[in-house]
Amino acid sequence: MRRNREFQRMRLLPGPFRRAATRVARSGSLTLALAAFGEAAEPPRPCFDFSLKIVDPLSTPIPRVEGRDNSAFGTYPNGIDWAAGRALVEMPIGALYAKLLDHRNVKDMKKTTLSTTVLERPGYLDFHHVDVVVLVRALFVRVKVAWTEEWGYSLVEGTREAPRKIVVSYQKIGGTGFIKHQCGSYVLQAHDEATTDLSLYEEVKADHRSAEDTRNMHAGILRNLRGQGP
């Protein structure tokens, strides 16, 4: 009886989670679940050619609104969701840049583990490969979803010691098939000695992820960067 109820509940899950959960229920093996959730799709279409120095964000930043953060989100005709944000952060650009180098500030660390590899790449202030593992609960099992991102940090104005504008570009380069496409940009522009104009943009096509989810993620990132906690 309990087994029948589990199969009935699985019918409510979206396709990939339903198939993985069904395989577990039939086999009684968590190994199959982990394999299903870790399946890699075809390599995602890259947004950036990091053999070149990237100095422009993927999308023109949305306007900054006086006195509050601004945000927007939507879906392109090809089904890719996007979200953008713009905010004035009360922090010098150098300090904000240091926070963006720590990927824990742009991930939900309650369910995520990260491993960052620092690489040398001509033309970039810094260049990272980031292995991401997220723990997901699907019905009666917990499974790990893993993928890899690459991040390039370009100085556009100023010097390393006194930057005026930095463009950060990132994209998924391999891993779980649940994320078909993911890439984004941050633009840091010094507003004055104590504040930084920050714009955020991400486009993504992924199971269980909406454009509004990405907008909300940006709001959480801004709280982290400002030291306001989750």
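Thresholds applied
- Residues numbered from 1 in each chain as written.
- Predicted model: local features only at pLDDT ≥ 70, side-chain atom pairs only at ≥ 80, totals over all residues.
- Heavy atoms only, no water.
- Helix = DSSP H or I, 4+ residues; strand = E, 2+ residues; numbered from the N terminus.
- Buried < 20%, exposed > 50% of the residue type's maximum accessible area, 1.4 Å probe, protein only.
- Contact = heavy atoms within 4.5 Å.
- Areas by Shrake-Rupley, 256 points an atom, 1.4 Å probe, with all protein chains shown as cover.
- Polar contact = N/O pair within 3.5 Å; in protein donor to acceptor, adjacent residues only side chain to side chain.
- Core = buried A, V, L, I, M, F, W, Y, C linked by side-chain atoms within 4.5 Å.
- Pairing = 2+ DSSP bridges.
- Lys, Arg positive; Asp, Glu negative; His and termini not counted.
- Salt bridge = Lys/Arg side-chain N within 4 Å of Asp/Glu carboxyl O.

Draft legend 1. View of the overall build of the protein chain. Looking only at helices and strands, the protein chain features five helices and eight strands. Shown N-terminal to C-terminal, the secondary structure of the protein chain runs as helices and strands in the order α-α-α-β-β-α-β-β-β-β-β-β-α. In the protein chain, which comprises 230 residues, the share counted as buried stands at 43%. Of the contacts made within the protein chain by residues no fewer than 6 positions apart, 57% connect residues no fewer than 24 positions apart. A total of about 12100 Å² of accessible surface is found on the protein chain, and carbon and sulfur atoms cover 52% of it.

Draft legend 2. Layout of the environment of Gln-189. Along the polypeptide, Gln-189 turns up in strand β7 (residues 179-190). A residue is classified by how much of its surface remains accessible, and Gln-189, at 25% relative accessible area, is partly exposed. Separated by 26 residues in the primary sequence, Gln-189 and Pro-163 have C-alpha atoms spaced 8.6 Å apart. A distance of 3.2 Å separates a polar atom in the side chain of Gln-189 from the backbone oxygen of Arg-164.

Draft legend 3. Seen up close, unusual backbone geometry. In this model, His-208 sits at a positive phi of 65 degrees, which is unusual for a non-glycine residue. For His-208, the position within the fold is in the loop between β8 (196-206) and α5 (211-225).

Draft legend 4. Seen up close, the nonpolar core. Leu-96, Trp-151, Ile-166, Val-168, Tyr-186, Leu-188 and Leu-198 are the most contacted members of the largest nonpolar core, which has 32 residues in total. Those elements that provide at least two residues to this core are β2 (81-89), α4 (93-100), β4 (126-138), β5 (141-158), β6 (163-175), β7, β8 and α5. Broken down by element, the residue count for this core peaks at five residues, all from β5. Beyond its immediate stretch of four places on either side in the chain, Trp-151 contacts His-103, Val-106, Asp-126, Phe-127, His-128, Val-130, Val-168, Ser-169, Tyr-170 and Tyr-186. With six residues, the next largest nonpolar core counts Ile-54, Tyr-124, Phe-127 and Cys-183 among its residues.

Draft legend 5. Layout of the pairing of β5. In this structure, β4 lies alongside β5, joined through 13 bridges in antiparallel fashion. Bridging across to β5, Val-136 finds its partner in Val-143. Between the antiparallel neighbours β4 and β5 lie two residues, among them Leu-139 with a positive phi of about 55 degrees. As consecutive antiparallel partners, β5 and β6 are separated by four residues.

Draft legend 6. Quick peek at the pairing of β2. Among the nine residues of β2, eight are classified as buried, and the element is accordingly described as predominantly covered. Once strand β1 (residues 70-75) ends, the chain turns through five residues before running back antiparallel as β2, passing Gly-79 with a positive phi of about 90 degrees. With nine bridges joining them, β2 and β8 adopt antiparallel strand pairing. From the neighbouring strand, Arg-86 faces β8, where its bridge partner is Ser-199.

Draft legend 7. Layout of the side chain of Asp-126. Tracing the chain through its elements places Asp-126 in strand β4. Although Asp-126 is buried, it makes no salt bridge; Arg-160 carries the closest opposite charge, 4.1 Å away. A distance of 2.5 Å separates polar atoms of two side chains, one belonging to Asp-126 and the other to Tyr-97. With sequence-adjacent residues up to four places away left out, Asp-126 is seen in contact with Tyr-97, Leu-101, Trp-151, Gly-152, Tyr-153 and Arg-160.

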